[in-house]
Amino acid sequence: MSRFRYAVGELATAQKSAKGVSLYSRYVNRPAGRLLAAAAYGARMSPNQVTAVSAVFTFTGVALIALLPPSHGLALGVFAALVTGFALDSADGQLARLTRRGSPAGEWLDHVVDCAKMLALHTAVLVCFHRHFGFSDPVYLLIPLAFQFATVTVFFGGVLTEQLKRNAAGTGARVPAAPPPAPSALRSVALLPVDYGLLCAVFLFLGSRELFLVLYCSLLAAHLLFLPAFLAKWYRELSVPAR
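Residues numbered from 1 in each chain as written. Predicted model: local features only at pLDDT ≥ 70, side-chain atom pairs only at ≥ 80, totals over all residues. Heavy atoms only, no water.

**Student:** Would you mind going over unusual backbone geometry with me for this structure?
**Tutor:** Backbone phi values are negative for most residues with the exception of glycine, while trans is the configuration of most peptide bonds. A positive phi angle, close to 60°, is found at Arg 44, a residue other than glycine. Inspection of the secondary structure assignment puts Arg 44 in the loop between helix 2 (23–42) and helix 3 (47–67). One non-glycine residue, Arg 100, lies in the positive phi region at around 55°. Assessed through its relative accessible area of 74%, Arg 100 is described here as exposed. (Helix = DSSP H or I, 4+ residues; strand = E, 2+ residues; numbered from the N terminus. Buried < 20%, exposed > 50% of the residue type's maximum accessible area, 1.4 Å probe, protein only.)

**Student:** I keep staring at the pattern of salt bridges and nothing clicks. Help me out?
**Tutor:** Pairs may arise between side chains of opposite charge once their charged atoms sit close together. For the coordinates displayed, the defined rule picks out 7 salt bridges. Counted as one network, the salt bridges with shared partners bring together Asp 89, Asp 114 and Lys 117. (Salt bridge = Lys/Arg side-chain N within 4 Å of Asp/Glu carboxyl O.)

**Student:** Can you walk me through the packing of aromatic side chains in this structure?
**Tutor:** What describes a pair of aromatic rings is the distance from one ring centre to the other and the angle between the planes of the rings. All chains considered together, the criterion is met by 15 aromatic pairs. When the centroid spacing of 6.5 Å and the interplanar angle of 85° are considered together, the rings of Phe 129 and Phe 212 count as edge-to-face. Highlighted residues: Phe 129 in helix 5 (residues 104–133) and Phe 212 in helix 9 (residues 209–238), separated in sequence by 83 residues. Across the pair, Phe 212 and Phe 129 agree in class, each one buried. An aromatic cluster of three or more residues is present, and its members are Phe 129, Phe 133, Phe 135, Tyr 140, Phe 147, Phe 203, Phe 212 and Tyr 216. For the cation-ring pair, Arg 3 lies above Tyr 41, with the distance from its terminal atom to the ring centre recorded as 4.0 Å. Positioned above the aromatic ring of Tyr 196 is the side chain of Lys 117, whose terminal nitrogen or guanidinium carbon lies 4.3 Å from the ring centre. (Phe/Tyr/Trp six-rings, centres within 6.5 Å; stacked < 30°, edge-to-face > 60°. Lys NZ or Arg CZ within 6 Å of the ring centre and 35° of its normal.)

**Student:** When you look at the packing of helix 4 (residues 72–99) against helix 5 in this model, what are you seeing that I'm missing?
**Tutor:** The geometry of a pair of packed helices is captured by two quantities: the angle between their axes and the separation between those axes. Where helix 4 contacts helix 5, the two axes come as close as 11 Å, and the packing angle between them is 160°. In terms of their interaxial angle, helix 4 and helix 5 are classed as roughly antiparallel. Between helix 4 and helix 5 the crossing geometry is left-handed. Here helix 4 contributes Leu 82, Phe 86, Asp 89 and Asp 92 to the contact with helix 5, which in turn contributes Asp 110, Asp 114, Lys 117 and Leu 121. Of the residues belonging to the contact of helix 4 with helix 5, the class tally is 3 nonpolar, no polar and 5 charged. (Axes fitted to C-alpha atoms, helices over the stretch in contact; angles between N-to-C directions. Parallel < 35°, antiparallel > 145°, perpendicular 65-115°, else oblique. Left-handed = near helix turned anticlockwise from the far one by under 90°. Contact = heavy atoms within 4.5 Å. Nonpolar A, V, L, I, M, F, W, Y, C, P; charged D, E, K, R; others polar.)

Right, here's the structure in full:
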C-alpha cells in the first residue's frame, strides 16, 4: 500500500500538459490512469506489461461487438472493456514516467496497439452492422469505414507531427518556438466529440440500433469536420518560412 500511495503522490505532480486535451481525458481518463499506474507500480509491473493488459481489455470489447448479437447487457460489457482499456492506455505512459523506464520500443508498442485498436474497433462495428443490425442498404457499411479512415488519419498525423517536431528540435532545425498557452476550457469542450473516451461511451447504447446509429454517425460527422482542421494546423506548425 505504501508503494501505491507514493506512486499516486508522485504522479499527481508529473502529469502531461492539458493543452489540446478534451474534458474527458483531462478529468476522467488521466485520473483513472493515474490510479491504475499506481496499482501497477505497487504490483511491480512494467509499462509494456500495462500496455499488454490494456490491449487485452480493448480487444475483448472489440471481439464482443463483432461476435455477439447486441443487447443492453452486452453494451455494458463492451463499454466496461473499452473504457478500462483506454484508462490503462494512459496508465502505461504514466508508469513509464514514474519509473523512468520509457523507451523507443515501449513508445512504438503503445502506438502500434493504439492504431490496431482503431482499425479493429470500426471493423467490428462494420461486422456488427452486417451480421446483427440487419441493414438492407449496403451504404450503411460505409459508415464505419469512413470513421476508420478519419480516426486513423488523425492518429497518424498527430503522431507523425510530434515525431517530426522532436527530430527538428534534436537537429537544431528552425521550428516555431512559442511558449505553450494555458489550457483552454472552451477548447477542451470542443474536443469532446473526437475524444476516444466519448466513443467508448457510445457503445453503452449498442443494444438500441437506432440510437447507436445516430450517436455513432454524430461522432463520425465531428471527426470528418475536425480532420481538415487538424491536418491544416499540423502542417502550419511544421512549416518553416523560407528566408
